[in-house]
Amino acid sequence: MAVNLTELSLPQLEGLKTQLDQEIEFLTSSIGQLKVVQTKYVEAKDSLNVLSKSNEGKELLVPLTSSMYVPGTLNDVEHVLVDVGTGYYVEKNVEDSKKFFKRKIDFLTKQIEKIQPALQEKHAMKQAVIEVMNMKIQQLQHSQQASQSAGTTKA
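Student: Would you explain the overall build of the chain in this entry?
Tutor: The number of helices and strands found in the chain is two helices and four strands. Its helices and strands taken in sequence order, the chain reads α-β-β-β-β-α from the N to the C terminus. For 155 residues, the compact-globule formula gives about 15 Å, and the C-alpha radius of gyration of the chain, at 29 Å, lies well above that figure. A principal-axis box enclosing the C-alpha atoms of the chain has dimensions of 100 × 35 × 25 Å. Residues classed as buried in the chain amount to 21% of the 155 residues present. Charged side chains of the chain number 18 positive and 19 negative; the gap between the two group centres comes to 4 Å.

Structure follows, in structure tokens:
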């Protein structure tokens, strides 16, 4: 249902603008969250390149938390445990893991590409609402000035 913005009152336009601001904030936040997850998958996929025969047996630091590590040795360079969600891990070989991460990255890219047009549309709608609000405010100011000048000429 299309609504002619010029037919709405200033309070209605203000309400619509507030609603659009909330929707823009939500979509922007959603894109940001998707990009964070996408970055994690890209980093995980890139990290698989370290797993080569030449690195087998080398010592490395294994993260226990984001700021605490323990020493370890790289024993198996052909298999990894992949977090597939909700606390489940699946053992995969390196090539299958790369394919898994590529699928996840591609899926997230498509989701971001689906949201982007909606976000741009909301920005355009908000801009149109602001323009109509400014036009109505100017009309109000002109009518107030006209009624003031009409009142002063009668006195």
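Don't stop here, the text continues.
Student: How do you make sense of the pattern of salt bridges when you look at a structure like this?
Tutor: When charged atoms on two side chains of opposite charge get close, those side chains can pair. As enumerated under the stated definition, the model contains seven salt bridges in all. For Glu23, the salt bridge is made with Lys122, and the minimal N-O distance between the two is 2.6 Å. Pair noted here: Glu23 is in helix α1 (residues 10-47) and Lys122 is in helix α2 (residues 94-154), with a separation of 99 residues, a long-range link. By relative accessible area, which is 23% here, Glu23 ends up partly exposed.

Student: What's the story with the packing of aromatic side chains in this structure? I'm lost.
Tutor: Describing an aromatic ring pair means giving the distance of the ring centres and the angle of the ring planes. Applying the stated criterion across every chain, the model contains two aromatic pairs. A centroid spacing of 5.9 Å and a plane angle of 40° characterise the contact between Tyr41 and Phe101, whose relative ring orientation is tilted. With Tyr41 in helix α1 and Phe101 in helix α2, this residue pair connects regions lying 60 residues apart in the sequence. Of the two residues examined, Tyr41 and Phe101, each falls in the buried class. Judged by centre distance (5.5 Å) and plane angle (70°), the rings of Phe100 and Phe101 are edge-to-face. Its relative accessible area of 8% is what places Phe101 among the buried residues.

Student: Would you explain a nonpolar patch on the surface in this entry?
Tutor: A cluster of nonpolar side chains, namely Leu60, Val62, Leu64, Met68 and Val70, defines an oily patch on the protein surface of about 390 Å² accessible area. Counting only elements with at least two residues in the nonpolar patch, the list comes to β1 (59-65) and β2 (68-73). Of all the elements, β1 adds the most residues to the nonpolar patch, at three residues. Its location among the elements puts Val70 in strand β2. By relative accessible area, which is 31% here, Val70 ends up partly exposed.

Student: Quick question: what am I supposed to make of the nonpolar core here?
Tutor: Soluble globular proteins tend to bury their nonpolar side chains together. Ranked by internal contacts, the top residues of the largest apolar core, which has 19 residues, are Tyr41, Leu48, Leu51 and Phe101. Ranked by the residues each element gives to this core, the list is headed by α2, at eight residues. Other than its neighbours up to four places away in sequence, Leu51 contacts Leu74, Val77, Val80 and Val94. Leu20, Val129, Val132 and Met133 belong to the second largest nonpolar core, which has seven residues in total.

Student: Explain the side chain of Lys136 here, please?
Tutor: With respect to the helices and strands, the residue Lys136 is situated in helix α2. At 9.2 Å, Glu7 is the nearest oppositely charged side chain to Lys136, a buried residue that forms no salt bridge. A distance of 3.1 Å separates a polar side-chain atom of Lys136 from the backbone oxygen of Leu8. Those residues in contact with Lys136, other than ones at most four positions away along the chain, are Leu5, Thr6, Leu8, Leu10 and Leu13.

Student: Looking at this structure, how should I read the environment of Lys58?
Tutor: Mapped onto the elements, Lys58 comes out in the loop between α1 and β1. It is 63 Å that separates the C-alpha atoms of Lys58 and Glu14, two residues lying 44 residues apart in sequence.

Reading the values: the criteria
Residues numbered from 1 in each chain as written. Predicted model: local features only at pLDDT ≥ 70, side-chain atom pairs only at ≥ 80, totals over all residues. Heavy atoms only, no water. Helix = DSSP H or I, 4+ residues; strand = E, 2+ residues; numbered from the N terminus. Rg over C-alpha atoms; globule rule 2.2 N^0.38 Å. Buried < 20%, exposed > 50% of the residue type's maximum accessible area, 1.4 Å probe, protein only. Lys, Arg positive; Asp, Glu negative; His and termini not counted. Charge placed at Lys NZ, Arg CZ, Asp CG, Glu CD. Salt bridge = Lys/Arg side-chain N within 4 Å of Asp/Glu carboxyl O. Phe/Tyr/Trp six-rings, centres within 6.5 Å; stacked < 30°, edge-to-face > 60°. Patch = residues over 30% accessible without salt bridge, like charges linked within 9 Å, V, L, I, M, F, W, Y side chains within 5 Å. Areas by Shrake-Rupley, 256 points an atom, 1.4 Å probe, with all protein chains shown as cover. Core = buried A, V, L, I, M, F, W, Y, C linked by side-chain atoms within 4.5 Å. Contact = heavy atoms within 4.5 Å. Polar contact = N/O pair within 3.5 Å; in protein donor to acceptor, adjacent residues only side chain to side chain.

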